[in-house]
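Summary of structural features
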Amino acid sequence: MWAANWWEMMVSAGMTPDPDNIKLSKFVFDHVGYKNVVRLDTGLYYEKEFDSMVEEFAKLFDFRIVDMEASPELIDRCYRNLCEDVSG
C-alpha cells in the first residue's frame, strides 16, 4: 500500500508538509532507524506496477527490500488489531 501512496503517507503522518521533500523524509526514516521495506505477497494483484513502485521507494530512501508471503486473512487481522489499538 505505501509503495503506491507513500507521498500521501508522508504528509498524513506528519513527517513532512511537502511530499517532494525527500531529504526531510529520508532524515526522519534514518532517525528512527528504518533500513528495510517489506514487500508482502498476499496473492492479490490489484496495483499495477507494484514491484517497480516498491523498488523506487526503496531506492529513494536507501532501503533493502525484504520479500515475505502473507495471506489476505493475516493482513485483515493485523488491520483489525490496529483499529482496536487506535480506538482504545
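Up top is the structure.
First, a word on what this report is: a plain description of the structure on this page. Since the structure is predicted, the reported quantities are computational estimates derived from the model, not experimental observations. (Residues numbered from 1 in each chain as written. Predicted model: local features only at pLDDT ≥ 70, side-chain atom pairs only at ≥ 80, totals over all residues. Heavy atoms only, no water.)

**Thoughts on the pairing of strand S2 (residues 64-69)**
Of all six residues in S2, zero are buried, a share of ten percent or less. Sheet analysis places strand S1 (residues 36-41) next to S2, joined by six bridges and oriented parallel. Bridged to asparagine 36 within S2 is arginine 64. Each parallel crossover has a hand, and the one from S1 via helix H3 (residues 50-60) to S2 is right-handed. (Buried < 20%, exposed > 50% of the residue type's maximum accessible area, 1.4 Å probe, protein only. Helix = DSSP H or I, 4+ residues; strand = E, 2+ residues; numbered from the N terminus. Pairing = 2+ DSSP bridges. Right-handed = clockwise from strand over helix to strand, strands pointing away.)

**Topic: unusual backbone geometry**
A positive phi angle, close to 60 degrees, is found at glutamate 49, a residue other than glycine. Take glutamate 49: it is sitting in the loop between S1 and H3. Looking at glutamate 49, the relative accessible area reads 58%, which means it is exposed. Even without glycine at this site, aspartate 62 takes up a positive phi of about 55 degrees.

**Here we look at the side chain of arginine 39**
Inspection of the secondary structure assignment puts arginine 39 in strand S1. Since its relative accessible area comes to 14%, arginine 39 is described here as buried. For arginine 39, the side chain forms a polar contact with the side chain of aspartate 67, separated by 2.5 Å. Once residues within four sequence positions are removed from consideration, arginine 39 is found in contact with Phe50, Asp51, Val54, Glu55, Ile65, Val66, Asp67 and Met68. (Polar contact = N/O pair within 3.5 Å; in protein donor to acceptor, adjacent residues only side chain to side chain. Contact = heavy atoms within 4.5 Å.)

**Some thoughts on H3**
Regarding H3, the residues found buried are Met53, Val54, Phe57 and Ala58. For H3, the arc enclosing every buried residue in end-on projection is 135 degrees, short of the 170-degree limit, so these residues lie on one face. Positive phi appears at aspartate 62, one or two residues downstream of H3, with a value of about 55 degrees. (Arc of directions from axis to C-beta.)

**Overview of the nonpolar core**
Among the nonpolar cores identified, the biggest contains 14 residues, and Met10, Phe29, Val37, Phe57, Phe61 and Phe63 are the most heavily contacted of them. Of all the secondary-structure elements, those providing two or more residues to this core are helix H1 (2-12) and H3. Among the elements that make up this core, the one with the highest residue count is H1 (five residues). Contacts of valine 37, omitting those with residues within four sequence positions, involve Val54, Phe57, Ala58, Phe63, Arg64, Ile65 and Val66. (Core = buried A, V, L, I, M, F, W, Y, C linked by side-chain atoms within 4.5 Å.)

**Digging into a nonpolar patch on the surface**
A surface patch of nonpolar side chains, amounting to about 370 Å² of accessible area, comprises Val38, Leu40, Met68, Leu74 and Ile75. Elements with a contribution of two residues or more to the nonpolar patch: S1 and helix H4 (72-87). Examined against the element boundaries, methionine 68 turns out to sit in strand S2. (Patch = residues over 30% accessible without salt bridge, like charges linked within 9 Å, V, L, I, M, F, W, Y side chains within 5 Å. Areas by Shrake-Rupley, 256 points an atom, 1.4 Å probe, with all protein chains shown as cover. Salt bridge = Lys/Arg side-chain N within 4 Å of Asp/Glu carboxyl O.)

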